[in-house]
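Here is what each chain is made of, one letter per residue.
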Amino acid sequence: MPSEAEMRLRERLSKLGGVKLLRGTKVSGELERLQEQLDRLRAEPTAEDIWRSVELARHQDRPYTLDYATRILDDFFELHGDRGRADDPAVISALGRLQGRTIVLVGHQKGRDLKERTKRNFGMAYPEGYRKAMRAMALAERHGFPLVTMVDTPGAYPGVAAEQHGQGGAIARSQSAMVRLSVPTVACVIGEGGSGGAVAIAVADRVLMQENAIYSVISPEGCAAILWRDAGEARKAAAAFKPDAAHCLELGVVDAVVPEPAGGAHEDPDEAARLLGEAIVAALEDVEGMDPDLRRRERRAKYRAMGVLASA
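Residues numbered from 1 in each chain as written. Predicted model: local features only at pLDDT ≥ 70, side-chain atom pairs only at ≥ 80, totals over all residues. Heavy atoms only, no water.

Student: I'd like to hear about the overall build of the protein chain, residue by residue, with values.
Tutor: A count of helices and strands for the protein chain gives 14 helices and eight strands. Counting over 312 residues, the protein chain shows a buried share of 49%. Contacts in the protein chain between residues far apart in sequence, at least 24 positions, make up 73% of those at least 6 positions apart. Counting only carbon and sulfur atoms, one obtains 53% of the accessible surface of the protein chain, whose full area is about 15000 Å². (Helix = DSSP H or I, 4+ residues; strand = E, 2+ residues; numbered from the N terminus. Buried < 20%, exposed > 50% of the residue type's maximum accessible area, 1.4 Å probe, protein only. Contact = heavy atoms within 4.5 Å. Areas by Shrake-Rupley, 256 points an atom, 1.4 Å probe, with all protein chains shown as cover.)

Here it is as structure tokens:
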């Protein structure tokens, strides 16, 4: 029996298939993209495929937010600080131009070497990072700029200092701020999408996920430590809760899977950026023409419906 995600894709393919193709439209490209997603959905990933996605999502050479931003944005200008306490380097906020439109960008940022990883806390944000993100969201709302977020974090930092500074509340307020935005929003899981630290900046109209990214409420190691009291059983845990893109699409927690170059995004960052940029633009074009109030209502309804099981 086809899954709900497969049925949705088939329905969209059917609708687009009946549209008369006009010169200059992108309908044919959209058809091809949806067909590719349907093919990937039908090819059920094995446990080995799932673990490969975990490894590639964490690959030390995988492009991070700044790698993509400098490739797909013109006039890139980074913003710093939360205007209250500090500047958290684990979160990037910036202004830039994406194919002629000014956007606000928010994303997690990991480090390449030990010094930078320590500085950026391995992409794990403190509350100051989420307050910086909310400052950028307010800027987008004030000026009517679309908001694009890039998610790549093992999770929000769980240390004592972060809790003392109000970590849980900052994550909740960031989600609430995104739900209330009237501007178009697109989130992209570009690496690790870990727990509340990820969803804090991922409550968007359209959520994209790169082919080899992962998105989950807990890491495979954390899940294994809880269920089997052994973090070494991470492969078994990943196979059980399936954090890979194909299964996230099937569950409906993401709206589209963005293809990557053969071998992973780190093999050809320029091509990976091109593919991601095209997907972001397509997602923005999909929601930009909507009435802002309707867009906000649909966003809210989308997330309220997640996890709801229909009664028999």
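Once the structure has been displayed, the description carries forward.
Student: Give me the lowdown on helix H13 (residues 269-288), citing residues and values where you can.
Tutor: When the terminal C-alpha atoms of H13 are compared, their 28 Å separation across 20 residues agrees well with the 28 Å that a helix rising 1.5 Å per residue should span. Among the residues making up H13, those that are buried are Ala272, Ala273, Leu275, Leu276, Gly277, Ala279, Ile280, Val281, Ala283, Leu284 and Val287. (Expected span 1.5 Å × (residues − 1).)

Student: Talk me through the confidence of the model for the protein chain; I want residue IDs and the actual numbers.
Tutor: Model confidence for the protein chain is summarised by a mean pLDDT of 86, while 85% of its residues fall at 70 or above. The element-level mean pLDDT for the protein chain is lowest in helix H1 (residues 4-17), coming to 59, with strand S4 (residues 147-153) highest at 96. Residue range residues 19-25 is modelled with pLDDT below 50. Its contacts to residues more than four positions away, or to other chains, number three contacts. (pLDDT = per-residue confidence, 0-100.)

Student: Summarise the pattern of salt bridges; cite the residues concerned and give the values.
Tutor: A pair can form between side chains of opposite charge whenever their charged atoms are brought close. The tally for this structure, following the rule as stated, stands at 20 salt bridges. A salt bridge links Glu233 to Lys236, with the nearest nitrogen and oxygen atoms 3.8 Å apart. Exposure remark for Glu233: the relative accessible area of 27% places this residue in the partly exposed category. Within the structure, one salt-bridge network assembled from shared partners comprises Arg58, Lys110, Asp152, Glu192 and Glu221. (Salt bridge = Lys/Arg side-chain N within 4 Å of Asp/Glu carboxyl O.)

Student: Kindly report on the environment of Leu284, identifying the contributing residues and their values.
Tutor: Within the secondary structure, Leu284 sits in helix H13. Using a relative accessible area of 0% as the deciding quantity, one classes Leu284 as buried. Along the backbone, Leu284 and Val148 are 136 residues apart, and their C-alpha atoms lie at a distance of 9.0 Å. If sequence neighbours within four positions are ignored, Leu284 has contacts with Leu98, Arg101, Pro146, Val148, Pro184 and Val186.

Student: Give a description of the packing of helix H8 (residues 167-180) against helix H14 (residues 292-305) that names residues and reports values.
Tutor: At a minimum axis separation of 8 Å, H8 and H14 run at an interaxial angle of 135 degrees. Taken together, the axes of H8 and H14 lie oblique to each other. Packed against H8, whose contacting residues are Met178, Val179 and Arg180, the element H14 presents Arg296, Arg299 and Arg300 at the interface. Tallied by class, the residues present in the contact of H8 with H14 amount to two nonpolar, no polar and four charged. (Axes fitted to C-alpha atoms, helices over the stretch in contact; angles between N-to-C directions. Parallel < 35°, antiparallel > 145°, perpendicular 65-115°, else oblique. Nonpolar A, V, L, I, M, F, W, Y, C, P; charged D, E, K, R; others polar.)

Student: Residue-level account of the nonpolar core, with values.
Tutor: A general feature of soluble globular proteins is that nonpolar side chains tend to end up buried together. Counting 37 residues, the largest nonpolar core has Tyr130, Met137, Met209 and Tyr215 as its most contacted members. Every element with two or more residues in this core is listed here: strand S3 (101-108), helix H6 (127-143), S4, H8, strand S5 (185-194), strand S6 (206-210) and helix H12 (245-251). Ranked by residues supplied to this core, first place goes to H6 with six residues. In contact with Tyr215, other than residues within four places in its own chain, are Val189, Gly193, Ala198, Val199, Ala202, Met209, Pro243, Cys248, Val253 and Val254. If you look at the next biggest cluster of nonpolar residues, it comprises 25 residues, including Ile103, Cys188, Val258 and Ala265. (Core = buried A, V, L, I, M, F, W, Y, C linked by side-chain atoms within 4.5 Å.)

Student: Describe helix H3 (residues 47-57), naming the residues involved and giving the relevant values.
Tutor: Here H3 has its buried residues at Ile50, Trp51, Ser53, Val54, Leu56 and Ala57. Considering only its buried residues, H3 is in contact with S5, strand S7 (214-216), helix H10 (220-227), helix H11 (234-241) and H12.

Student: Just give me the short version of the packing of aromatic side chains, but keep the residues and values in it.
Tutor: Tallying each qualifying case throughout the model produces one aromatic pair. Aromatic pair Tyr126 and Tyr157: ring centres 4.8 Å apart, planes at 35 degrees, arrangement tilted. A residue pair is termed long-range when its members are at least 10 positions apart, and Tyr126 in the loop between helix H5 (114-119) and H6 and Tyr157 in the loop between S4 and helix H7 (160-164) qualify at 31 residues. Sitting over the ring of Tyr64, Arg112 keeps its end group 3.9 Å from the ring centre. (Phe/Tyr/Trp six-rings, centres within 6.5 Å; stacked < 30°, edge-to-face > 60°. Lys NZ or Arg CZ within 6 Å of the ring centre and 35° of its normal.)

Student: Would you mind going over the side chain of Arg299 in detail, with residue names and values included?
Tutor: Assignment of secondary structure puts Arg299 in helix H14. At 2.5 Å, the side chain of Arg299 forms a polar contact with the backbone oxygen of Leu181. Apart from the residues lying within four places of it in its own chain, the contact partners of Arg299 are Met178, Val179, Arg180, Leu181, Val183, Thr185, Val203, Ala204 and Asp205. (Polar contact = N/O pair within 3.5 Å; in protein donor to acceptor, adjacent residues only side chain to side chain.)

Student: Can you break down the side chain of Asp244 residue by residue, with the values?
Tutor: Structurally, Asp244 can be placed in the loop between H11 and H12. Lacking a salt bridge, the buried Asp244 has Lys242 as its closest oppositely charged neighbour, with an N-O distance of 7.4 Å. Ignoring anything within four residues of it in the chain, the contact list for Asp244 reads Pro45, Ile50, Ser53, Met209 and Ala213. (Lys, Arg positive; Asp, Glu negative; His and termini not counted.)

Student: How would you sum up a nonpolar patch on the surface? Please name residues and give values.
Tutor: There is a patch of nonpolar side chains on the surface, built from Ile226, Leu227 and Trp228 and spanning about 320 Å² of accessible area. Mapped onto the fold, Leu227 is located in helix H10. (Patch = residues over 30% accessible without salt bridge, like charges linked within 9 Å, V, L, I, M, F, W, Y side chains within 5 Å.)

Student: Provide a residue-level description of the pairing of S6, including the pertinent values.
Tutor: Buried residues dominate S6, accounting for four of its five residues. In this structure, S6 lies alongside strand S8 (residues 256-258), joined through three bridges in parallel fashion. Across the sheet, Met209 pairs through a bridge with Val257, a residue of S8. (Pairing = 2+ DSSP bridges.)

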